[in-house]
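# Survey of secondary and tertiary structure
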Amino acid sequence: MGNKSNEKIGRLGLTAFVLSAMVGGGIYDLPQNMSLHAGLVAQLLAWGLTGLIIWMIVRSFMILSQVRPQYTTGLYHYAQAGFGKFAAFFVSWGYWICQSFAIAAYSVLLMSTLDAFWPGMFFGGNNWLAILGGTIILWTMTFLILRGIKTTSKVDMLGTVCMLLIVATFIITMIVAFNWHIFMTNPLASTDIPPIHYHALGGLFEQMKGAMLTTLWVFSGVESAVVLSGNAESQKDVRRATRDGFILCLVLYALVSILPLGIASYGQLAHIPSPSTAMLMDYVLGPVGRLIITFGVIVAVLASWLSWILVLSEMPRAASEDGTFPKFFRKIGKHHVPVASLIMTVVVIQIIIIMTHFAGRAFDTTLTIVATMTIPPYLISMLYLAKISKSDKTFNPDQHPVNVSRHAAQITAVLAIIGTLFMGYTAGVKYLTIAFVIYAIGIPVFMYARKEIAPNQPIFKPAEKAFAITIVVIAIIGLLILFK
């Protein structure tokens, strides 16, 4: 995509991009994020259920890449083929804004990590100095992209290898320092033990629900190989990279969140500053341990940040070429950079970075919004698979080589839909409202684009109009519930 257009990416490069997109910097704060909501047993159950849900989603994308290999922009094309231009816009708009929030989260995490070098200066990653620092990095990257810098699969590979080495070092350190007695104390998180910072967190289901807000988010990006499938050497590489990235991430995430429970109580872990892995390494190894994690966060975040800006700047341009975004986004500058799309993407990210100043726990808040906004694009893709798997005629009309039966695909799609809806349930009213408000804001953009590109055609088909009205109504009802 974008600056990657002349480079064909193999299985290893795609896997590196999937890992870079999924892991980003989120893994470095998992011990604290998970311990806020759940004890040992609930965390294990949350990872198990999340693994099943995400695997159904991953499997659905793998099937779609087999039966519809011509749809090289994945989610966007699935929505358009199944439900029309407004659904395609809905997916593209949502994915664009969603990943813009993810980049803003990178800014918060990076600046809070740099606080290790200048204690208090960038406290929380969202004070005004931190926002200034994030802004400088954002616009420096933009300037470099406008000058023609190319991110390649080698850049993604470098960032991914660095991230894996740092995470492996953390996991080994936690295993060496592991204390079984601490690990097995109050595993259900059902008892208050104030002297050692254990407090009751409620029933197992409530703990799992809270934890899954984190566990489900960290797999955002699992579809990134599908997004880049037009640049892949083969569709088989796309499927393998998606599967390999998911399995590796599930193992890493579970180990990084659970092993620290053998070092400190979940009550202690819940109250250590970000990134919590750095503080744990400092506790076990001293300042050197914290510096190892700090270095890992900086490299991983910067690599993901640059890659995702390039990918995101391509999305509105591609949608504009397809008639769902305004023509303005089509403008290409020097070095074949989609300049208008890039600038608008960066402006959106900049606004979100500024907004993080007003969020209490800025990193957690932005990640939760990312998780919630990811749900509709996933859901539409899963619905498309369910739709085409209804009959042999629609499932694989071009007779592409497929290693799954239509009935198996249909069952996979239904399970993925149920799992995706459960993701929405875990988000709660507040974040669902935020997501639908953002989606509703996009509707005038679509209306303007359709009026500009096809002035003599109706903007919405009847079903699309009903869909648009539903989005607005849900957003309004959510706001009324929140502010009553």
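The shown structure was predicted, so the numbers you read here are calculated from the model rather than taken from an experiment. All chains use their own residue numbering, which begins from 1 and follows the written sequence. It should be noted that, the model being predicted, local features are given only for residues of pLDDT at least 70 and side-chain atom pairs only at 80 or more, the latter also being counted only at that level, while totals for whole chains, interfaces and linings use all residues. Calculation of side-chain values draws on the structure's entire complement of heavy atoms; hydrogens and water are dropped beforehand.

Moving on: the overall build of the protein. Note on conventions: DSSP H or I runs of at least 4 residues are helices, E runs of at least 2 residues are strands, and numbering of each starts at the N terminus. Along its length, the protein carries 19 helices and zero strands. Along the three orthogonal principal directions, the C-alpha set of the protein runs to about 70 × 50 × 50 Å. Sorting the 484 residues of the protein into buried and exposed places 58% on the buried side. What makes two residues a contact is simply this: any of their non-hydrogen atoms within 4.5 Å. For the protein, the share of sequence-separated contacts (at least 6 apart) that also reach a separation of at least 24 residues comes to 81%. Every accessible area reported is derived by Shrake-Rupley at a probe size of 1.4 Å, with residue values counting cover from the shown protein chains alone. Accessible surface for the protein amounts to roughly 19200 Å². Of this, 70% is attributable to carbon and sulfur atoms. For the charge count, each Lys or Arg is scored as positive and each Asp or Glu as negative, with His and the chain ends excluded. Lys charges are placed at NZ, Arg charges at CZ, Asp charges at CG and Glu charges at CD. Considering the protein, the positive charge centre built from 31 side chains and the negative charge centre built from 19 side chains are found 9 Å apart. When accessible area is computed with a 1.4 Å probe and restricted to protein chains, residues below 20% of their type maximum are described as buried, those above 50% as exposed, and intermediate ones as partly exposed.

With that settled, the discussion passes to the confidence of the model for the protein. For the protein, the average pLDDT comes to 85, and 92% of its residues sit at 70 or higher. Within the protein, the lowest mean pLDDT, 64, falls on helix H10 (residues 224-227), and the highest, 93, falls on helix H15 (residues 339-355). Across residues 1-6, where pLDDT falls below 50, the model places 19 contacts with residues more than four positions away in sequence or in other chains. pLDDT expresses, on a scale from 0 to 100, how confident the predictor is about each individual residue.

One less than the residue count of a helix, multiplied by 1.5 Å, gives the span that helix is expected to have. Helix length check: helix H14 (residues 287-321) (35 residues) gives 52 Å between terminal C-alpha atoms against 51 Å at 1.5 Å per residue, within 8%. Of the residues one or two after H14, Gly323 is the one with positive phi, at around 90°.

Now for the pattern of salt bridges. Salt bridge, as applied in this entry: a Lys or Arg side-chain nitrogen positioned within 4 Å of an Asp or Glu carboxyl oxygen. Scanning the entire structure with this criterion turns up four salt bridges. Put simply, Arg243 and Asp244 hold a salt bridge, and the shortest N to O gap is 3.1 Å. Take Arg243: its relative accessible area is 27%, and that puts it in the partly exposed class. Residue Glu321 pairs with Arg317 through a salt bridge whose shortest N-O separation is 3.6 Å. On the criterion of helical spacing, the pair formed by Glu321 and Arg317 is a turn pair, its members being four residues apart in helix H14. According to the relative accessible area criterion, Arg317 is buried, its value standing at 17%. Counted as one network, the salt bridges with shared partners bring together Glu314, Arg317 and Glu321.

On the surface, Val429, Ile469, Val473, Ile477, Leu479, Ile481, Leu482 and Phe483 cluster together into a nonpolar patch covering about 720 Å² of accessible area. Sort the elements by how many residues they give to the nonpolar patch and helix H19 (residues 462-483) lands first, with seven residues. Structurally, the position occupied by Ile481 is in helix H19. Residue class for Ile481 comes out partly exposed when judged on its relative accessible area of 43%. Excluding any residue in a salt bridge, patches collect residues exceeding 30% relative accessible area, merging like charges within 9 Å and nonpolar Val, Leu, Ile, Met, Phe, Trp and Tyr side chains within 5 Å.

Our next topic: helix H3 (residues 40-67). The end-to-end C-alpha distance of H3 is 41 Å, a good match for the 40 Å that 28 residues give at a rise of 1.5 Å each. Within H3, 21 of the 28 residues are buried, leaving the element largely enclosed by the surrounding structure.

In this section: the packing of H3 against helix H16 (residues 362-388). A packed helix pair is summarised by two numbers, namely the angle formed by the two axes and the spacing between the axes. Here an axis means a line fitted to C-alpha atoms, over the contact stretch when the element is a helix, while the angle between two N-to-C directions is reported on a 0 to 180 degree scale. Taken N-terminus to C-terminus, the directions of H3 and H16 make an angle of 55°; their axes are 10 Å apart at the nearest point. By the angle between their axes, H3 is oblique relative to H16. As for the relative orientation of H3 and H16, their crossing is left-handed in sense. Every residue of H16 that contacts H3 at Ile57, Ser60, Phe61, Ile63, Leu64 and Val67 is listed here: Tyr378, Ser381, Met382, Tyr384, Leu385 and Ile388. Residue polarity follows a fixed list, in which Ala, Val, Leu, Ile, Met, Phe, Trp, Tyr, Cys and Pro are nonpolar, Asp, Glu, Lys and Arg are charged, and the others, Gly among them, are polar. Residues of the contact of H3 with H16, tallied by class, amount to ten nonpolar, two polar and no charged. Here the angle decides the label: under 35 degrees means roughly parallel, over 145 means roughly antiparallel, 65 to 115 means roughly perpendicular, and every other value means oblique. A crossing counts as left-handed when the near helix is turned anticlockwise from the far one by less than a right angle, and as right-handed when that turn is clockwise.

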